[in-house]
Structures are given as C-alpha cells and as structure tokens.
Amino acid sequence: MEIYLDSANLSQIEHAVELGILDGVTTNPTLIAKEGGDFENIIRKISQVIKGKGKIWAEVISTKSEAMVEEAIRMTGWATGMVVKLPMGLEGIKAASILSREGIQTNMTLISSVSQALLAAKAGVSYVSPYAGRVDDIGWSGSGLIQGIVEAFSAQGFATKILAASVRSPHQAAELVRSGVDGITVPYGVLIGMAQHPMTDLGLDQFLKDWSEAGLQ
Ligand code: G3P
C-alpha cells in the first residue's frame, strides 16, 4: 500500500515525514493556493523536506494539451520524484498520452467515474485518482466508484495504479484500502486519526497506572 500526505503545508509535511511511513506528498492547486507564494518554490521546499525519499505530486494549471505537456516537462525539473497531475478531460487525456510515451510519471486526477478511469489507463497514466469524498458529497457512492475501477483494471490487467483521493476519515481510508486500491492520499488530520483509537489510549493509561501503583521504576 502506498500512502501520501495530501498537503502543501511544510510543518504538516515535516511531521508526517518523521513518521517514516510516507511514500510522498500530493498537492493540488487549492492546497498550493492555501499556502500562498510561488508554485515552483513551494514544490522545491517540499522536496527539501522529504529529501528525495518519496514522490511529489503537482498539478498543471494549463487547460490545453500542448500547454499541459510544456508545463509538465518544466515541472519535472523542479524536484526528483515528480508525478505530474493532469485534470481528467479530453485535453488531459491527450497530454497524458504524450507524456506517458516520454516516460514521465503522470496522474489523472479528478476521476469521478469508471469510464473516465478506463480512458486514463488507456492513455498510459501511472496513477488514477478517484475522488471518493467528493463523489459521496453529491449523493453517489465513492466506495462504489472505487470498487468499480478496481474490478475493471483487474479484469483488463491495466498497469495503472489506483490512488484513492478525497479521503475524509480514517475509517474511509481503511475501507478503500480493503477494496483493493494501490494506495491512498490523506489530509494531515486523517493521517493522524489513522493512528488513534480511544481503546488504545484507555489501555495505555491503565498500563501506566498499574505500573506506577506497583511502585515499579
Ligand atoms: O488532492 C486531491 C483530493 O484528495 C482532494 O480532497 O477533500 O478536497 O475533496 P478533498
């Protein structure tokens, strides 16, 4: 299972990297905008924090395939381990086909249907990102979407990996992994929440209380 932190916030990234379990950091234009400042500079700073030990995902802002390709090629020079995110759509697919042939790591993002994921896989992207939470938000089934993509990719033997995105809770993260995705990207709060459980806290409190009451050092 691959696990990424979905954030462009350097202190969140620093803390998550210290855990030693991350495969990298995913960003999107909203997350970059939240931090403010220069896009390239933010990506370079993230790269310094992860010290080349993971992938950095960044999304093109262009909307036409030719410009997407140019932007993507430029972005790969910003850091090692760059994965270029392309927005799902006909222009994104065109750009993905070109970039895949060039051997550039790509992700088709904003995937909301199985049919979109199939076209992205045919274009040769390295990853598709189905947005589970946002599909749930409009009353459809994010887990159903992801299950459908897992089944279709396995039936066709596609090499494209499935990275579940828009994950809103530790429970949802675990359920999506159980359904067979290759990885998840989670916001900082969900990552921290994945390590926590009230029964674990109660159990540890009891252990420490018993230890101290017995007068042990
Ligand atoms: O970064 C892509 C995705 O994970 C965004 O999630 O919570 O904004 O729908 P969310």
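Structure: above.
Note that the structure is a prediction, hence the values are computed from the model and not measured.

A.B. asks: Help me get a handle on helix 11 (residues 198-213), residues and values and all.
C.D. replies: Taking 1.5 Å of rise per residue, the 16 residues of helix 11 would be expected to cover 22 Å, and the 22 Å separating its terminal C-alpha atoms lies within 8% of that figure. With zero of 16 residues buried, helix 11 is to be regarded as a mostly surface element.

A.B. asks: Requested: an account of the site of the ligand, with residues and values cited.
C.D. replies: If you check the shell around the ligand, you find Asp 6, Asn 28, Lys 85, Tyr 131, Arg 134, Ala 165, Ser 166 and Arg 168 and nothing else. Ser 166 is positioned with one of its side-chain polar atoms (N or O) 2.7 Å from an oxygen atom of the ligand. The fraction of the free accessible surface of the ligand (310 Å²) that becomes covered by protein chains is 82%. A breakdown of the residues in the shell around the ligand according to their chemical character gives two nonpolar, two polar and four charged.

A.B. asks: Explain the pairing of strand 7 (residues 161-164) residue by residue, including any values.
C.D. replies: The two faces of a sheet get side chains in turn, since along a regular strand they alternate between them. Strand direction decides the pairing type here: strand 6 (residues 127-130) and strand 7, joined by two bridges, are parallel. Across the sheet, residue Val 128 finds its bridge partner in strand 7, namely Ile 162. Relative to strand 8 (residues 183-186), strand 7 is paired through two bridges, and the arrangement is parallel. When the bridges of strand 8 are listed, Leu 163 appears paired with Gly 183. Following the chain from strand 7 across helix 9 (residues 170-178) to the adjacent parallel strand 8, one finds a crossover that is right-handed.

A.B. asks: Run through the environment of Gln 12, naming residues and quoting values.
C.D. replies: Relative to the helices and strands, Gln 12 is located in helix 1 (residues 10-18). Separated by 175 residues in sequence, Gln 12 and Pro 187 place their C-alpha atoms 9.3 Å apart. If near-sequence neighbours (up to four positions away) are discounted, Gln 12 is found in contact with Leu 5, Ser 7 and Tyr 188. One polar contact links Gln 12 to Ser 7, side chain to side chain, over a distance of 2.7 Å.

A.B. asks: So what's going on with helix 8 (residues 142-156)? Which residues, and what values?
C.D. replies: An ideal rise of 1.5 Å per residue puts 21 Å on 15 residues; helix 8 measures up with 21 Å between its terminal C-alpha atoms. Those residues of helix 8 lying buried are Gly 142, Leu 145, Ile 146, Gly 148, Ile 149, Val 150, Ala 152 and Phe 153. In this structure, the buried side of helix 8 is in contact with strand 5 (106-111), helix 6 (114-122), strand 6, helix 7 (132-137), strand 7 and helix 9. With its phi angle positive at about 70 degrees, Gly 157 sits one or two positions after the end of helix 8.

Thresholds, definitions, all that
- Residues numbered from 1 in each chain as written.
- Predicted model: local features only at pLDDT ≥ 70, side-chain atom pairs only at ≥ 80, totals over all residues.
- Heavy atoms only, no water.
- Helix = DSSP H or I, 4+ residues; strand = E, 2+ residues; numbered from the N terminus.
- Expected span 1.5 Å × (residues − 1).
- Buried < 20%, exposed > 50% of the residue type's maximum accessible area, 1.4 Å probe, protein only.
- Near = heavy atom within 4 Å.
- Polar contact = N/O pair within 3.5 Å; in protein donor to acceptor, adjacent residues only side chain to side chain.
- Areas by Shrake-Rupley, 256 points an atom, 1.4 Å probe, with all protein chains shown as cover.
- Nonpolar A, V, L, I, M, F, W, Y, C, P; charged D, E, K, R; others polar.
- Pairing = 2+ DSSP bridges.
- Right-handed = clockwise from strand over helix to strand, strands pointing away.
- Contact = heavy atoms within 4.5 Å.

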